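Here's the letter readout for the chains.
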Amino acid sequence: MRPKVQVGQTIFVRKQRGATVVRPTLFFLTAICVLIWLAGCGPGGAQIYSTINHHQFSLSGDALKNSGIAFITPSTVTGQEEEKQAVAFTFVETLKTQRPDIRCVSLPETLSAINKADLVDDYQRMFAEYKDTGLFDSKILYKVGQVTGARYLGQLKLAGFSQGSKGRFSIFGLRMLETSYAKLRLFFQIWDARDGSIAWEGVQELNWSEEEVNEDAVSLQTVIGEAARNLAKRLPE
């Protein structure tokens, strides 16, 4: 009498000395091995390669803590313009956590203060000139510092960002393990609103990769947060 076979079950039936032997398919065995391997090894943690440089010109720790820093609109590479708000939000929130001794005025607070003080035209003109010269008008910087109540103004520049994934392990055309990655290049400058000078600047280059069973990409917020933590450690105390 042949054994009962459940619906959906794939088997091989072989006669051996009057007995019926049911053997699982090669795919089923391979799948079990893969699952055991994934359970034992699993995806590894993130691998981060970071390069950071900074220059301290006139900024002191006491002045930064006593006078505060207000964030103005970030600049980005072409194609990343819609990320300005996300870059500023993630960076400021991380900086607040890393350096609670520094009073930070967020980008929405800065923009609201500029709008209330009717400085929109001046602010727009300042950034239009910045694209050509790399300089902010000292008179307008002073006005922004006055309406935000902060001596220092922080400006972020997203100079490069890319993300993606590639299959690391596959079987029968099915990718079982993904390596997700992201690359970031971020500038951070602190301007002194009193005299229009650059008081501090730093640049962070970051390569982030991690192995995942799913296909989730490494987000911009993830790498911006890591860059913010690294840059915050370099600020004077």
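Residues numbered from 1 in each chain as written. Predicted model: local features only at pLDDT ≥ 70, side-chain atom pairs only at ≥ 80, totals over all residues. Heavy atoms only, no water.

A few words now on the environment of R151. With respect to the helices and strands, R151 occurs in the loop between α6 (138-148) and β7 (152-171). For R151 and I69, which are 82 residues apart along the polypeptide, the C-alpha to C-alpha distance reads 6.5 Å. Residue contacts for R151: discarding those within four places in its chain leaves A63, S67, G68, W191, D192, A193 and R194. A polar contact is formed between the side chain of R151 and the side chain of Y152, at a distance of 3.5 Å. (Helix = DSSP H or I, 4+ residues; strand = E, 2+ residues; numbered from the N terminus. Contact = heavy atoms within 4.5 Å. Polar contact = N/O pair within 3.5 Å; in protein donor to acceptor, adjacent residues only side chain to side chain.)

Next up on the list: the environment of S180. Inspection of the secondary structure assignment puts S180 in strand β8 (residues 174-192). Taking the C-alpha atoms as reference points, S180 and V218, separated by 38 residues in sequence, lie 6.1 Å from one another.

Considering the arrangement of structural elements, one finds T73 in the loop between β4 (69-71) and β5 (75-76). Side-chain polar atoms of T73 contact the side chain of Y123, separated by 2.8 Å. Among all residues touching T73, those that are not within four sequence positions of it are K84, L107, L111, Y123, F127 and Q155.

The next point concerns the nonpolar core. One finds I69, F91, L184, L186, F188 and V223 to be the most contacted residues of the largest nonpolar core, which totals 34 residues. Broken down by secondary-structure element, the contributors of at least two residues to this core are α2 (61-67), β4, α3 (84-98), β7, β8, β9 (197-212) and α7 (220-234). A total of 7 residues in this core trace back to one element, the largest contributor, which is α7. Those residues in contact with I69 that lie beyond four places of it in its chain are L64, I102, R103, C104, V105, A150, Y152, L153, G154, F188 and I190. Counting 17 residues, the second-largest nonpolar core is a separate cluster that includes I114, F136, L141 and V144. (Core = buried A, V, L, I, M, F, W, Y, C linked by side-chain atoms within 4.5 Å. Buried < 20%, exposed > 50% of the residue type's maximum accessible area, 1.4 Å probe, protein only.)

Look at α3 against α7: their axes get within 8 Å of each other, and the N-to-C directions meet at 40°. Of the possible angle classes, the one that applies to α3 and α7 is oblique. Note that α3 runs across α7; the crossing there is right-handed. Together, A86, V87, T90, F91, T94, L95 and Q98 of α3 and L220, Q221, I224, G225, A228, R229, L231 and A232 of α7 make up the contact between the two elements. In the contact of α3 with α7, the residues fall into 9 nonpolar, 5 polar and 1 charged. (Axes fitted to C-alpha atoms, helices over the stretch in contact; angles between N-to-C directions. Parallel < 35°, antiparallel > 145°, perpendicular 65-115°, else oblique. Left-handed = near helix turned anticlockwise from the far one by under 90°. Nonpolar A, V, L, I, M, F, W, Y, C, P; charged D, E, K, R; others polar.)

Glancing now at the environment of A46. Inspection of the secondary structure assignment puts A46 in the loop between α1 (26-41) and β3 (47-56). For the pair A46 and S180, spaced 134 residues apart in the sequence, the C-alpha separation amounts to 9.5 Å. Beyond its immediate chain neighbours, meaning those up to four positions away, A46 contacts W208, S209 and E210.

Let's shift gears to unusual backbone geometry. Residue D118 is not a glycine yet carries a positive backbone phi of 60°. Summarising the element assignment, D118 is placed in the loop between α4 (107-116) and α5 (120-133).

Summed over all chains, the structure comprises 7 salt bridges. Taking the shortest distance from any N to any O, the salt bridge between R99 and D101 comes out at 2.9 Å. Taking the relative accessible area as the measure of exposure, D101 reaches 35% and is therefore partly exposed. Connected through shared salt-bridge partners, D122, R125 and K143 make up one network. (Salt bridge = Lys/Arg side-chain N within 4 Å of Asp/Glu carboxyl O.)

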